[in-house]
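Coordinate inspection notes
Here is how the chains run, residue by residue.
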Amino acid sequence: MSNFRLAPSILAADFGRLNEEIQMVNSSKADWLHVDVMDGVFVPNISFGQMLVSTMNKSCTKPLDVHLMIVEPEKYVDSFIDCGAKSISFHIEATNHAHKLIHHLKEKGVIAGVAINPQTTAESLYDILEDLDMVCLMSVNPGFGGQKFIYRTLEKTRKLRAEANARNLDLLIEIDGGVGLHNAESLLKAGADVLVAGSSVFKSEDPIATIAKFKALEINNFDL
Ligand code: DX5
Ligand code: ZN
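Residues numbered from 1 in each chain as written. Chains lettered and ligands numbered in written order. Predicted model: local features only at pLDDT ≥ 70, side-chain atom pairs only at ≥ 80, totals over all residues. Heavy atoms only, no water.

Let's talk about the sheet that holds strand β4 (residues 85-91)
Under the convention used in this document: Only when DSSP finds a minimum of two bridges between them are two strands counted as paired. A run of H or I in DSSP becomes a helix once it reaches four residues, and a run of E becomes a strand once it reaches two; helices and strands are each numbered from the N terminus. Axis lines are fitted to C-alpha atoms, over the contacting stretch for helices. Their N-to-C directions set the angle, which ranges from 0 to 180 degrees.
Overall, parallel pairing links the eight strands, which are arranged β1-β8-β7-β6-β5-β4-β3-β2 in an open sheet. Strands at the two margins of the open sheet, each flanked by one partner only, are β1 (5-8) and β2 (33-38). The average undirected angle you get between the axes of adjacent strands in this sheet is 25°. Relative to strand β6 (residues 134-138), strand β5 (residues 111-116) is paired through four bridges, and the arrangement is parallel. From the neighbouring strand, Ile-116 faces β6, where its bridge partner is Leu-137.

Following this line, the structure appears as structure tokens:
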């Protein structure tokens, strides 16, 4: 339960000050930088593509955790790996070939993740659980930052952690959407290993201090 990773989501940053925002993340206790790629087809919003991801990777000293909210992810994963992604999560709802794509990501040496929408059950991952490095549980409907956390995700996290433990798997569980200091501890207790935090970090008065507060939670978790 200790040693969880905090991944601020750059989607909530002020893009007019993108470099400063990345420098803030560099100088903070954040572990990864979460990068949301949206295509306007899989989700009703468009964010940014390879050019910006590659630019961000040049100034960011933390590993880029790329979340692909796009259709036909198999067409694009290699280009995002070339941009410097250290972990890639694609949506299980966006492909019929998740098993194949996971193994492709592993061969490429990145953390292989699958993201699932709130409507998708934990059980729908059971046949590929052994293959995965990470599961990203969406705790909001993907497409936008700043949404309200869907509390059902806590139960889903517990269920997935129990299943992974029962199979003795070293599976990372990432929670994405509506995560803040108010629910982080419950999520860690439920079995989360990676917390994505967009608005709660970038829209806070002192993002570096907010990140430090998140990371201080891991100390409490040693007692669990
Ligand atoms: C939602 C994105 C999330 C989002 C999180 O589609 O995948 O990563 O940036 O933002 P907050 O923390 O503001 O909900
Ligand atoms: Zn995301």
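From this point, the discussion proceeds with the structure in view.
Focus: the packing of aromatic side chains
The line we're drawing: Here the aromatic set is Phe, Tyr and Trp, taking the six-membered ring for Trp, and pairing holds for ring centres within 6.5 Å; pairs whose planes are under 30 degrees apart are stacked, those over 60 apart are edge-to-face, and all others are tilted. Classification of residues uses two cut-offs on accessible area relative to the type maximum, computed with a 1.4 Å probe and protein chains only: under 20% is buried, over 50% is exposed, and between them is partly exposed. Comment: the charge-over-ring label is applied if NZ (Lys) or CZ (Arg) is within 6 Å of the ring centre and within 35 degrees of the ring normal.
Following the criterion strictly, the structure yields two aromatic pairs and no others. Between the aromatic rings of Phe-15 and Phe-48, the centroid separation amounts to 6.0 Å while the plane-to-plane angle is 65°, which identifies the pairing as edge-to-face. Taken as a pair, Phe-15 in the loop between β1 and α1 (18-26) and Phe-48 in the loop between β2 and α2 (50-59) lie far apart in primary sequence, 33 residues in all. For Phe-48, a relative accessible area of 8% corresponds to the buried category. Taking the centre distance of 4.8 Å and the plane angle of 85° together, the rings of Phe-149 and Tyr-151 count as edge-to-face. What makes Phe-149 buried here is its relative accessible area of 6%. For Arg-167, the ring lying beneath its charged end belongs to Tyr-126, and the centroid distance is 5.4 Å. For Lys-215, the ring lying beneath its charged end belongs to Phe-4, and the centroid distance is 4.9 Å.

Re the coordination of the zinc ion (ligand 2)
Note the following rule: Donor atoms: N, O and S within 2.8 Å of the metal, or within 3.2 Å for Na, K and Ca. Because water is excluded, sites can look incomplete. By the criteria applied here, four donors are tetrahedral when all angles lie between 85 and 135 degrees, four are square planar and six octahedral when opposite donors are over 155 degrees apart and every other angle lies between 65 and 115, and any other arrangement is irregular.
Within the protein, His-34 (NE2), Asp-36 (OD), His-67 (ND1) and Asp-176 (OD) serve as the donor atoms for the zinc ion (ligand 2), at 2.0 to 2.3 Å. Classification of the site at the zinc ion (ligand 2) rests on its six donor atoms, whose angles at the metal span 72 to 173°, yielding the label octahedral. Mapped onto the sequence, the donors of the zinc ion (ligand 2) take the spacing H-x1-D-x30-H-x108-D. Of the two residues, Asp-36 is situated in strand β2 and His-67 in strand β3 (residues 64-69); the sequence distance between them amounts to 31 residues. The class of His-67 is buried, set by a relative accessible area of 1%.

Describing the site of ligand 1
Convention followed: Near residues are defined by distance, with any heavy atom within 4 Å of the molecule or strand qualifying the residue. Polar contacts here mean pairs of N or O atoms no more than 3.5 Å apart (in protein, one a potential hydrogen donor and the other a potential acceptor; neighbouring residues in sequence count only if both atoms are side-chain atoms). For accessible areas, the Shrake-Rupley method is used with a probe of radius 1.4 Å. Any residue's cover is judged against the shown protein chains and nothing else.
Of all residues adjacent to ligand 1, which total 20 residues, the nearest are Asp-36, Gly-143, Asp-176, Gly-198 and Ser-199. Contact between ligand 1 and Gly-198: an oxygen atom at 2.8 Å from a main-chain N or O atom of the residue. When isolated, ligand 1 has an accessible area of 380 Å², and the protein chains bury 99% of it. Broken down by secondary-structure element, the contributors of at least two residues to the shell around ligand 1 are β2, β3 and β8 (194-197).

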